[in-house]
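So you can see what is in the structure, the chains are spelled out below.
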Amino acid sequence: MEKMCKNYVIAIDGEAGTGKSTLAKNIAKKYGIVYMDTGAMYRCVTLAMLNENIRLDNIDEISKLLDTIKIDMTNENGEDKFYLNGEDVSTKIREKQVNDYVSQVSHIPVVRERMVNLQRELAKGKKIVMEGRDIGTNVFPNAEVKIYLVASAEERAKRRFEQNKEKGIDIPYEEILKNVIFRDNNDKSSSVGTLKKAEDAFEIDTTKLTMEEEEKIVVEKIREKVDLDA
Ligand code: DC
């Protein structure tokens, strides 16, 4: 197959805990392409709603908020930073309060519509690796490369448990596993359908793979479709 050396989108979708972020970041860094964490955008909207005390069912206020907020993403010395109306919120968007609401916020149709438009706008004219849930199905159904990552709930819970331990966060494994299963069901059964595998996506089960093995397989797959070195 002829390889393209123009701009392209590499869509990496999948459940939380499958290694999407690390993988997408590594690929972007190694091959000098743009990385976009679309989950962080939903997190910024969630934080903005919390800051303004806007309820999940107040669609008018949510629409007004979406008209006025400004979300910026930058990479500073290799670190991804997120700004909400000029304030660096990179840490705040990962905190518990945002974690607790982001899934529900991401299911609000007007929020999805705006975020998808923004993601398309930001990707224009770029070589980009975009990580999320609906990139290959909805945001860029014609993406040059589509990867869909899965892993067993037990393995993903174990990974989160270990990450937490490193950060000094003490949540029992059983509780994490319950939350992983709850979030999976929520993401997959949503009427706005966030998490779905595109028919033409390449699926990889990462349960038994190390990060290095996962990356090797994905890079090989990407190279079949686009010229990463161009
Ligand atoms: O990847 P993450 O955990 O940072 O994502 C935060 C939330 O946003 C998660 O509940 C799923 C949702 N999300 C989405 O609905 N669509 C995307 N493209 C990315 C994330």
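This text follows the structure it describes.
So, how was this worked out
- Residues numbered from 1 in each chain as written.
- Predicted model: local features only at pLDDT ≥ 70, side-chain atom pairs only at ≥ 80, totals over all residues.
- Heavy atoms only, no water.
- Helix = DSSP H or I, 4+ residues; strand = E, 2+ residues; numbered from the N terminus.
- Buried < 20%, exposed > 50% of the residue type's maximum accessible area, 1.4 Å probe, protein only.
- Pairing = 2+ DSSP bridges.
- Contact = heavy atoms within 4.5 Å.
- Axes fitted to C-alpha atoms, helices over the stretch in contact; angles between N-to-C directions.

## A look at unusual backbone geometry
Right, on to step 1. Residues other than glycine seldom take positive phi values, yet asparagine 53 does so here, at roughly 55°.
Right, on to step 2. Its location among the elements puts asparagine 53 in the loop between α2 (38-51) and α3 (59-68).
Right, on to step 3. A relative accessible area of 69% means that asparagine 53 is categorised as exposed.
Right, on to step 4. In this model, asparagine 85 sits at a positive phi of 50°, which is unusual for a non-glycine residue.
Right, on to step 5. Turning to its location among the elements, asparagine 85 is positioned in the loop between β4 (79-84) and β5 (87-88).
Right, on to step 6. Judged by relative accessible area, asparagine 85 falls into the partly exposed class, the value being 48%.

## Examining the sheet that holds strand β3 (residues 71-76)
Right, on to step 1. A sheet is described by the order of its strands in space; here three strands give the open sequence β3-β4-β5, paired in antiparallel fashion. Both edges of this open sheet fall to β3 and β5, since each of them pairs with a single strand only.
Right, on to step 2. Pairing analysis gives two bridges linking β4 to β5, with the strands arranged antiparallel. Its bridge partner lying in β5, leucine 84 is registered against glutamate 87.
Right, on to step 3. Along the sheet, α2 contacts β3 and β4; its crossing angle with β4, the most-contacted strand, is approximately 35°.

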